[in-house]
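Architecture at a glance
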Amino acid sequence: MKKIFFFILFIWIPISAQAYIMPGKQMIENMVQHVGSTASLSAIHSFTLLNQQIDGQPLTLEESVIYQFPNSMHSEILMNDKQKLHVVSPKGVVTIIDNVVSEESHTSFDLYKYLLLERDKNAVARRLKISGINSDVTSYGKFEKQAVYVIGAKFPDMSVPQLWLEINTFRPCRWIVTPNVYEQSLEIVYQDWQEISKDVWYPKSIKYIQNNNLLVDIRLKSLKVNPEITNDLFDVSYYRQMYPSATVYDSPYETDMDEVQKTIRDFQRAFE
């Protein structure tokens, strides 16, 4: 009987250990701690649109982003006299494309910055909930041959919004923001996190992928901790007064994937 008991115990302990998966709330808390925070950051990115060509080469622009933690952000992309501006503050959000206030408060290509801005566990939890992620559902997964935590789905289910975290650092590596509908998906991939100051981290590479095709390749060029900034950079009311509003498209978009295509067209229109 003793031999049988120890055999059952030997089998049961590993199975129980493998069955346990950390709750989403705890994963989010660890993520915030491992990314770290400071008063403000300014970043310069190269922003390459793979589906927009000039002389046979993908269009590469420069994007500047200023984060004032925990809830304000100013990002800008310029090309000649064209501009894409995105401003976030506690008083609201506004996106301006080609000197016109967009009908949407943000485009799909602004989403990657929100996960970098919101460095409070409650704010991150709200962001995930808004994007349709059920943080009560968690699992282990595998991404690029590495083990990961999955919030919002049971791996390998890719049909619902979900966030993947590196298993050792808890830093985001994959954010699926659109369900895998009609064999298409929209995902944001964060790679090559670097420590920019003590316990403060930022990714050097961010990619947008749709239906396994790379749409946007964002690379970090420079980063500054606690730059000198003025609060008017985040004055949403000022920008709404400064630029006119207009409806770019008359026809409604019925699916999430239509919205993604519309975002691409809006973004390209600013630099045509």
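Up top you'll find the structure we're talking about.
Throughout this document, residue positions are counted from 1 along each chain, in the order its sequence is written. The model is predicted, so local features are restricted to residues of pLDDT at least 70 and side-chain atom pairs to those at 80 or more, both for listing and for counting; the totals for chains, interfaces and linings are taken over all residues. Excluded from the side-chain calculations are hydrogens and water; all other atoms, namely the structure's heavy atoms, are used.

Turning our eyes to something else, we now look at the pairing of strand 11 (residues 186-197). Two strands are said to pair when DSSP picks up at least two bridges between them. Secondary structure elements follow DSSP: runs of H or I no shorter than four residues count as helices, runs of E no shorter than two count as strands, and numbering proceeds from the N terminus. Relative to strand 11, strand 10 (residues 172-178) runs antiparallel, the two sharing 4 bridges. Following the sheet pairing, Thr178 is matched in strand 11 by Leu186. Sheet topology places strand 11 next to strand 12 (residues 200-210); 10 bridges connect them, and they run antiparallel. Residue Tyr190 lies in a different strand from strand 12, and its bridge partner there is Ile206. Counted between consecutive antiparallel strands, the loop separating strand 11 from strand 12 contains 2 residues, among which Asp199 sits at a positive phi close to 65°.

Before going further, it helps to spend a moment on helix 4 (residues 121-130). Regarding helix 4, the residues found buried are Ala123, Val124, Arg127 and Leu128. End-on, the buried residues of helix 4 take up no more than an arc of 135°, which puts them together on one face. Away from its buried face, by an angle of more than 90 degrees, helix 4 presents the exposed residues Arg126, Lys129 and Ile130. Contacts from the buried residues of helix 4 go to helix 2 (24-35), helix 3 (111-117), strand 9 (162-166) and strand 10. The N-cap residue of helix 4 is Asp120: its side-chain oxygen and the backbone nitrogen of Asn122 are 3.0 Å apart. A 1.4 Å probe rolled over the protein chains alone gives each residue an accessible area, and that area as a share of the maximum for its type sets the label: buried under 20%, exposed over 50%, partly exposed in between. Regarding the arc, it is the one traced by the directions from the helix axis to the C-beta atoms. We call two residues in contact whenever any of their non-hydrogen atoms come within 4.5 Å of each other. What qualifies as a polar contact is a pair of N or O atoms within 3.5 Å, subject to a donor-acceptor requirement within protein and to the restriction that residues adjacent in sequence count only when both atoms come from side chains.

Before going further, it helps to spend a moment on the environment of Asp98. With respect to the helices and strands, the residue Asp98 is situated in the loop between strand 5 (92-97) and strand 6 (100-101). The sequence separation of Asp98 and Leu85 amounts to 13 residues, and the corresponding C-alpha distance is 8.7 Å. Within polar-contact distance, the side chain of Asp98 engages the side chain of Lys82 at 3.5 Å.

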